[in-house]
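# Report on the structure
This is what each chain is made of:
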Amino acid sequence: MTKGSVRFEGVTKHFDDVVALKPLDLDIAPGTLVTLLGPSGCGKTTTLRLVAGLEPPTSGRIFIGGEDVTHLSATYRKVSMVFQSYALFPHMTVAENVGYGLTVKRMPKSEVRPRVEEGLAMVGLEGFGDRLPSELSGGQQQRVAVARAIVLEPEVLLLDEPLSNLDAKLRRHVREEIREIQQRLKLTAIYVTHDQEEAMAVSDRIIVMKNAEIAQEGTPADLYERPNSAFIADFIGDANLLPVDVTRAGETVDIVVDGRQMALPTAFATTGQANLVLRPHQLRLTREAAADTLPAEVSYAAYLGNQVQYTLTTALGEIFAVTVPDANPFQKGDRVHIGFDPAAARIVSV
Amino acid sequence: MKRIAVFWLVVGVIGWALLPWYLTEGGFWRFGWLADMSGTNISALGAALTGKPWLWLPALGFVGAALSLGLARSQLATARGLFASGTAGLALLMGQALLIGTRYGVWEAENPGIGAGAFVTAAALLFIATTGISGLGKGRGDAFVTGLVGAIVALVAIFVFFPLTFILVRAFELKGGGGLGFGEFLPRFLSSNIWGIGCITGGGSCGPAINSFLLGLSTAAGTTIMGLMFALIFTRTDFRAKKLLRVLTVLPIITPPFVIGLALILLFGRAGTITEFFSWAFGWEKTRWLYGFHGVWLAQMLSFTPIAFLVLIGVVEGVSPSMEEASQTLDANRWQTFRYVSFPLMRPGLANAFLLGFIESIADFGNPLVLGGNFNVLSTEIYFAIVGTIADPAQAAILSITLLTFTLTAFLAQRFWVGKKNYATVTGKADSGRHAALNPVLRWTAYLLALPWAFFTMVLYALIIFGSFVKLWGYDHTFTFEHYLRGFKIVVRNGVHFTGAAWDSYFTTLTISAIAAPLTAAVGLATAYLLVRQKFTGKDAFEFSTMLSFAIPGTVIGVAYIMAFNFPPIELTGTGLILIIVFIFRNMPVGVRGGIAAMSQLDRSLDEASIMLGANSATTLRRVILPLMGPAILAALTYSFVRAITSVSAVIFLVSARHNMATSFIVGRVENGEYGIAIAYASVLIVTMLTVIIAMQLVIGRRTLRRADRIEAH
Ligand SMILES: Nc1ncnc2c1ncn2[C@@H]1O[C@H](COP(=O)(O)OP(=O)(O)OP(=O)(O)O)[C@@H](O)[C@H]1O
Ligand SMILES: [Mg+2]
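Residues numbered from 1 in each chain as written. Chains lettered and ligands numbered in written order. Predicted model: local features only at pLDDT ≥ 70, side-chain atom pairs only at ≥ 80, totals over all residues. Heavy atoms only, no water.

### Some remarks on the pattern of salt bridges
On inspection of all chains with the given rule, the structure shows 22 salt bridges over all chains. A:Glu9 is paired through a salt bridge with A:Arg7; the nearest N and O atoms lie 2.4 Å apart. In this structure A:Glu9 comes out as partly exposed when scored by relative accessible area, which is 30%. Judged by its relative accessible area of 29%, A:Arg7 is partly exposed. One salt bridge in this structure joins B:Glu608 and A:Arg49, with 2.7 Å as the shortest N-O distance. Of the two residues, B:Glu608 sits in helix α27 (residues 604–612) while A:Arg49 sits in helix α1 (residues 44–52), which places them in two different chains. Taking the relative accessible area as the measure of exposure, B:Glu608 reaches 10% and is therefore buried. Judged by relative accessible area, A:Arg49 falls into the buried class, the value being 15%. (Salt bridge = Lys/Arg side-chain N within 4 Å of Asp/Glu carboxyl O. Buried < 20%, exposed > 50% of the residue type's maximum accessible area, 1.4 Å probe, protein only. Helix = DSSP H or I, 4+ residues; strand = E, 2+ residues; numbered from the N terminus.)

### Side note on the sheet that holds strand β14 (residues 272–278) of chain A
Residue and element names in this part refer to chain A. Spatial strand order, β13-β12-β11-β14-β20: five strands in an open sheet with antiparallel pairing. Sheet topology places β13 (260–264) and β20 (346–348) at the edges, where each strand pairs with a single neighbour. Between one strand axis and the next, the sheet turns by 45° as a mean value, whatever way the strands run. Bridging between strand β11 (residues 240–248) and β14 involves seven bridges; their strand directions are antiparallel. By the bridge assignment for β14, Pro-243 is matched with Asn-275. (Pairing = 2+ DSSP bridges. Axes fitted to C-alpha atoms, helices over the stretch in contact; angles between N-to-C directions.)

### Let's talk about the sheet that holds strand β4 (residues 59–64) of chain A
All names here are of chain A. Taking strand neighbours across the sheet as the criterion, the four strands line up as β2-β1-β4-β5 in an open arrangement whose pairing is antiparallel. Two strands in the sheet have a free side with no partner beyond their single neighbour: β2 (18–28) and β5 (67–68). By the bridge criterion, two bridges tie β4 to β5 in an arrangement that is antiparallel. Among the inter-strand pairings, Ile-64 is bridged to a residue of β5, identified as Glu-67. Across the sheet, α1 touches β1 (6–15), β2 and β4, and the angle it forms with β1 is around 120°. (Contact = heavy atoms within 4.5 Å.)

### A look at the domain arrangement of chain A
Parsing chain A into structural domains produces domain 1 (6–225) and domain 2 (240–348). The C-alpha centroid of domain 2 of chain A is placed 40 Å from the C-alpha centroid of domain 1 of chain A. (Domains from an automatic or database assignment.)

### Comments concerning the side chain of B:Thr130
All names here are of chain B. Within the element layout of this structure, Thr-130 appears in helix α6 (residues 116–135). Owing to a relative accessible area of 6%, Thr-130 belongs among the buried residues under this scheme. A distance of 3.1 Å separates the side chain of Thr-130 from the backbone oxygen of Phe-127, its partner in a polar contact. Those residues within four positions of Thr-130 in sequence are excluded, and the remaining contacts are Thr-146, Gly-147 and Gly-150. (Polar contact = N/O pair within 3.5 Å; in protein donor to acceptor, adjacent residues only side chain to side chain.)

### Describing the nonpolar core
Residue and element names in this part refer to chain B. Ranked by size, the top nonpolar core spans 248 residues in total, and within it Leu-264 and Tyr-561 carry the most contacts. Here this core takes 13 residues from helix α23 (residues 503–533), the largest share from any one element. In this structure Tyr-561 touches Phe-159, Pro-163, Asn-566, Thr-573, Ile-578, Ile-581, Val-582, Phe-585 and Leu-654, once residues within four positions along its chain are discounted. (Core = buried A, V, L, I, M, F, W, Y, C linked by side-chain atoms within 4.5 Å.)

### Re the site of ligand 1
Residue and element names in this part refer to chain A. Ligand 1 sits among Phe-15, Ala-20, Ser-40, Gly-41, Cys-42, Gly-43, Lys-44, Thr-45, Thr-46, Glu-161 and His-194. The contact in question runs from an oxygen atom of ligand 1 to an N or O atom on the side chain of Ser-40, over 2.5 Å. The backbone of Cys-42 places a nitrogen or oxygen atom 3.2 Å from an oxygen atom of ligand 1. Among the elements that take part in the shell around ligand 1, α1 stands out by supplying three residues, more than any other. The residue inventory of the shell around ligand 1, partitioned by class, reads three nonpolar, six polar and two charged. (Near = heavy atom within 4 Å. Nonpolar A, V, L, I, M, F, W, Y, C, P; charged D, E, K, R; others polar.)

### Comments concerning the interface of chain A and chain B
Contacts between chain A and chain B engage 32 residues on the former and 25 residues on the latter. For the pair chain A and chain B, the two sides together bury roughly 2,500 Å², of which 62% comes from carbon and sulfur. Of all residues in chain A, the largest losses of buried area upon contact with chain B belong to A:Thr75, A:His91 and A:Tyr100, amounting jointly to 24% of the total for that side. Between chain A and chain B we count two salt bridges in total. The interface formed by chain A and chain B holds five residue pairs in polar contact (both at pLDDT 80 or more) in total. Contributions of two or more residues to the side of chain A that touches chain B are made by α1, β6 (79–82), α2 (94–104) and α4 (138–150) of chain A. The leading source of residues in the side of chain A that touches chain B is α2(A), at four residues. (Buried area = accessible area lost by both parts, 1.4 Å probe.)

The following block contains the structure:
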């Protein structure tokens, strides 16, 4: 049952002097949707193009479905790709685009047609076959690109920022569609994005990359709840990072924050300087001081309808907080006290 | 890989064992050799069995390839074997062709010029070798790409570099078959016959090298200034008749080379209209001032200003309006903006236009031939060294080297010094601003220089048409069809008979140009495809060598071809094929440029999408790239067709009685003083080319109406 698995063994990629990928080991299970997430230039597209066979690796080996494809050209890999720009052929109709892969494999026309119709039906575009790509909306073009990729029944489907040309509303809709098709066809899919919300919404697993290597990988919940670094904590969901001193490490920890001693029911391995991760919506703001609260002043307040966002100045630096609106919101300049639930807090290394 | 290698192995063996190895009497396509496969139609196998044992040699390549395919255990070993046997076979084939029974031979034997069999065998060996290279993991393991690279490299090597070596060899040859050496070359190369500076020091005339150089500088300076003026008018003023200016840019492309010279003679020559007028009105003496530097310079200015305009219009437009607007918001006035912002940004472009003008001028052949008089330039001296009363090929070779040194220096300067800086301000971002208008002084300077010039050009063209309809220009202006009838008479009696004197060369010209055009476009676009879309080692050298033929003057190529292809192993002189080949390799750089420009506009992800969908690179090229390049292909086709018709410099060496070309026919008439028929013929050519261009435009126009102009991936 290795059909559709993807494995990298020590793969590197250099463009002249630029190191686009440091030695990378990957193992992607068949039938899962894995997202490559990370800031611009971290090597996501490069990784994807290596799977596709559009770039040769500088060193290392690549396996698809258990087979070594390192030297196999893109033409012969059972991999399809949806491009950021869609890359629909402007001189062919929608049906010709979707059927292109089948036609160049010399499949007879009579077999191509039903498969094209099936593919278009899968993305909800029945009856659009005779149009030119230029006569479709952005979202429709995007779905044609998906249909074109899946009619070939690839073992692996690659998507490079497939939604970046769509507006926010459409983006949510199309990403659900893509996820639904992926699960229905039990495809292995590798999905590149730099939008962490999109990644959380569609993925079985997320691989976060930074500086040409993997920073952390795991399920969306793993990454959110157990970030292994300040970078991940900040990148996956917003986080406030407060400098703390860990005085006792272990299954539970003792820390000193702002001169005060606290015990937290979370694990951390080493003593010394570390960061306390506080999610903005986990913070409680009160007018009265209490034990374990931190005094602050509101330096900015923004009312967004379903939430209120505050920027707070404290002795430990700026803190970002989000609360549900109530009858008596704080104003700029108000003095407040910040409290948090020790059970939800996490410690990460600096 | 294996399938492709087997295919070429079979093709190659057929070529070697069955097809006539040498040139056949009736030509390959008559298939006379099918009936009698002995004598000159014998195949390599047959000849090898009957006293030409060296023809076994190429077959060793096939044996090696077969062994590698059959015995090698790993993919990599097969690839190595194929590469080794392909190259070895090719080397043996070339070695025997060059060294046995030729002038430079080591062995006296009967080994005539190679024919179809040898060609097929060589191609098969080449593709076996490139298939092997693809198996070694080069060119992304794509046999199509490595094969294409190999084919183009081989063609450029045979038809550009190989002939040039003959010029070198000839130039260094010692008298009386004494081998090669500097003994004769240096004194002749440095002699005052070439480099004399008498015209500067006042002691007589200059050598052709100095003449060419001075002419080149003057023409380059003049055309750059005029081109800039036109470009400024075109982009920075609200001049009304801009369309008319555009027409001016098309004219020189469709004008046979000496037409302008002729028109100038008819106006300013000893019996010219204007000369006559001044002589009649003011009693001025009729002189021959036109024949010499001034006349040639004037003709070149008229011929090449539009080319400078075409280059500079891109440069002037390339200066981003937002920079000019920024300068103006910083309170610079219009003159200051031009002086300190726009002009410095244009400077590399101006240098570029200057160097191109220089190359065009010293490579020019038609104008000096018609108007040169005693003013000798290199290109015409080369011609006279070959066709003159005392043929002196060594002198032609030495002059060619001199000329080549000039053009190559300018070409290298253009590529490595100017080319890099050029177009630095073209951002590729849509710029919505407006170009700053010119300040009044500059605007009026531009108008005063450019508009009379444009008017003058128009008058010349009108006169050409007019002159073709009068009996004898300057003497007898009665209207007549006589010239057209002499050239293009058709008699309808028992069928249609083309009895006019020009028909033969006219049809030959059209046929040969029509065959050469698609081949030129194909080679040019294939090269562009490799350059834009593929990565391979040695790509820079590859690009350089394909663009090089731009810097080789036509006369030099013509001389090189007659030296190289007049005897075995490749005997082509006197055929139509050599004309086709010379057109392909002279016009190829333009096809490459056009292809690169068009292909760079095609989103790369389109090819990648096609590859990802399981198409190989050949299919991708055919089904995705070519259909989207329609307009560029048509442009390349039109251009190479038209250039083939108007080309004279290389052609004049290569025409033969059977394959005479329009331009050399016209030269003949001009030399006999039959101006009437010459300009009548030229007018017919201009009309022919205009028809073709307009027809092509209509086709392109229809296409672009249907689809958006810029091709993006949707
Ligand atoms: N063809 C190339 N030549 C040279 N360098 C390249 C090339 N392609 C990518 N790089 C470099 O490799 C690094 C990784 O690029 P990559 O395209 O993988 O980034 P990315 O994670 O997809 O970024 P983005 O989110 O901006 O698309 C970058 O530093 C980039 O500049
Ligand atoms: Mg990217």
